[in-house]
Amino acid sequence: MEYNEFKKTLKKHRASIKDFSNILEISYSGIQKWKNIGIPKYVIEYLELLERLSADEREKYLREKLNS
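Residues numbered from 1 in each chain as written. Predicted model: local features only at pLDDT ≥ 70, side-chain atom pairs only at ≥ 80, totals over all residues. Heavy atoms only, no water.

A. Local environment of the packing of aromatic side chains. Counting across every chain of the model gives five aromatic pairs. Considering the side-chain rings of Tyr46 and Tyr61, the 6.5 Å spacing of their centres and the 50 degrees angle between planes classify their relative orientation as tilted. Here Tyr46 is found in helix 5 (residues 41-52), whereas its partner Tyr61 is found in helix 6 (residues 55-67), with 15 residues between them in sequence. We classify Tyr46 as buried; its relative accessible area is 17%. Judged by its relative accessible area of 25%, Tyr61 is partly exposed. An aromatic cluster is defined as three or more aromatic residues linked by ring pairs; in this entry it consists of Tyr3, Phe6, Phe20, Trp34, Tyr46 and Tyr61. (Phe/Tyr/Trp six-rings, centres within 6.5 Å; stacked < 30°, edge-to-face > 60°. Helix = DSSP H or I, 4+ residues; strand = E, 2+ residues; numbered from the N terminus. Buried < 20%, exposed > 50% of the residue type's maximum accessible area, 1.4 Å probe, protein only.)

This is the structure:
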């Protein structure tokens, strides 16, 4: 997965990079470095799991994570 695809996936799920950094407890600047070093495998797998959730489940999960 390329960095632009990563950003598109987040946008599709109405999440920003800042949101994602909060969910995974990673610094925003750390995520920005992925432009140069590539997206870690665990992040790709995490996003694939999110894709498998229904839209309602995914929305509920993201809302819970962002509000905690």
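Still to come is the rest of the account.
B. Layout of the environment of Ile31. Here Ile31 is to be found in helix 3 (residues 28-32). Owing to a relative accessible area of 0%, Ile31 belongs among the buried residues under this scheme. Each C-alpha atom, one on Ile31 and one on Phe20, is 8.9 Å from the other, the two residues being eleven residues apart in sequence. Filtering out sequence-adjacent residues up to four positions away, Ile31 remains in contact with Tyr3, Phe6, Ile17, Phe20, Ser21 and Ile26. (Contact = heavy atoms within 4.5 Å.)

C. A look at the nonpolar core. Within the largest apolar cluster, 14 residues are counted, with the highest numbers of intra-cluster contacts made by Tyr3, Phe6, Phe20, Ile31, Trp34, Val43 and Leu47. Of all the secondary-structure elements, those providing two or more residues to this core are helix 1 (3-12), helix 2 (17-24) and helix 5. Element by element, the count of residues in this core is highest for helix 5, at four residues. (Core = buried A, V, L, I, M, F, W, Y, C linked by side-chain atoms within 4.5 Å.)

D. Structural context of the confidence of the model for the protein. Confidence in the prediction for the protein averages 92 pLDDT; 99% of positions are at 70 or higher. Mean pLDDT across the elements of the protein bottoms out in helix 6 (89) and peaks in helix 4 (residues 34-37) (95). (pLDDT = per-residue confidence, 0-100.)

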